[in-house]
Amino acid sequence: VMVFVSFSMPRQSLIAVLRDANKIKANVVMRGLINNSFKETFQTSGNLVKEAGGGGIELNPLAFKRFQIATVPAVVVITPDHPC
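Each value, and the rule that gives it
Residues numbered from 1 in each chain as written. Predicted model: local features only at pLDDT ≥ 70, side-chain atom pairs only at ≥ 80, totals over all residues. Heavy atoms only, no water. Helix = DSSP H or I, 4+ residues; strand = E, 2+ residues; numbered from the N terminus. Rg over C-alpha atoms; globule rule 2.2 N^0.38 Å. Buried < 20%, exposed > 50% of the residue type's maximum accessible area, 1.4 Å probe, protein only. Contact = heavy atoms within 4.5 Å. Salt bridge = Lys/Arg side-chain N within 4 Å of Asp/Glu carboxyl O. Patch = residues over 30% accessible without salt bridge, like charges linked within 9 Å, V, L, I, M, F, W, Y side chains within 5 Å. Areas by Shrake-Rupley, 256 points an atom, 1.4 Å probe, with all protein chains shown as cover. Polar contact = N/O pair within 3.5 Å; in protein donor to acceptor, adjacent residues only side chain to side chain.

(A) Inspection of the overall build of the protein at higher detail. Across its full length, the protein carries three helices and four strands. The order of helices and strands in the protein, counted from the N terminus, is β-α-β-α-β-α-β. Here the C-alpha atoms of the protein give a radius of gyration of 12 Å, agreeing with the 12 Å that 2.2 N^0.38 yields for 84 residues. Summarising its shape, the C-alpha atoms of the protein cover approximately 35 × 30 × 20 Å along the three principal directions. Of all 84 residues assigned to the protein, the portion counted as buried reaches 32%. Pairs at least 24 residues apart make up 70% of the contacts formed inside the protein by residues separated by at least 6 positions.

Right, dumping it as structure tokens:
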């Protein structure tokens, strides 16, 4: 399970998604960086993960493209036999 999100979402929504995703071991995926800054992105991500009580955020613009994600939040469920 992949949950696609954006830093444009409200902070509390991101925290809720992280908590829920962590419960079911889903990947939380972001498209890109905050202000084109790895430092700012990782600081913000780390703070969100800490506040959510664990989990993580994956930066993966290719996944957004592959699954044609245009609106977030979005959920993709990949079956075990999927070639992904």
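(B) Representation of the pattern of salt bridges within the structure. Applying the stated criterion to the full structure yields one salt bridge. A salt bridge links arginine 11 to glutamate 51, with the nearest nitrogen and oxygen atoms 3.2 Å apart. Of the two residues, arginine 11 is situated in helix α1 (residues 11-24) and glutamate 51 in helix α2 (residues 38-52); the sequence distance between them amounts to 40 residues. A residue is classified by how much of its surface remains accessible, and arginine 11, at 40% relative accessible area, is partly exposed.

(C) Representation of a nonpolar patch on the surface within the structure. Taken together, the side chains of Val1, Ile24, Val75 and Val77 define a hydrophobic patch exposed on the protein surface, amounting to about 390 Å² of accessible area. Along the chain, valine 75 falls in strand β4 (residues 74-76).

(D) Fine view of the side chain of threonine 41. Along the polypeptide, threonine 41 turns up in helix α2. A polar side-chain atom of threonine 41 sits 2.7 Å from the main-chain carbonyl oxygen of serine 37. Residues within four places of threonine 41 in sequence aside, it is in contact with Phe7, Gly32, Leu33, Ile34 and Leu59.

Coordinates in, geometry out; function isn't part of it.
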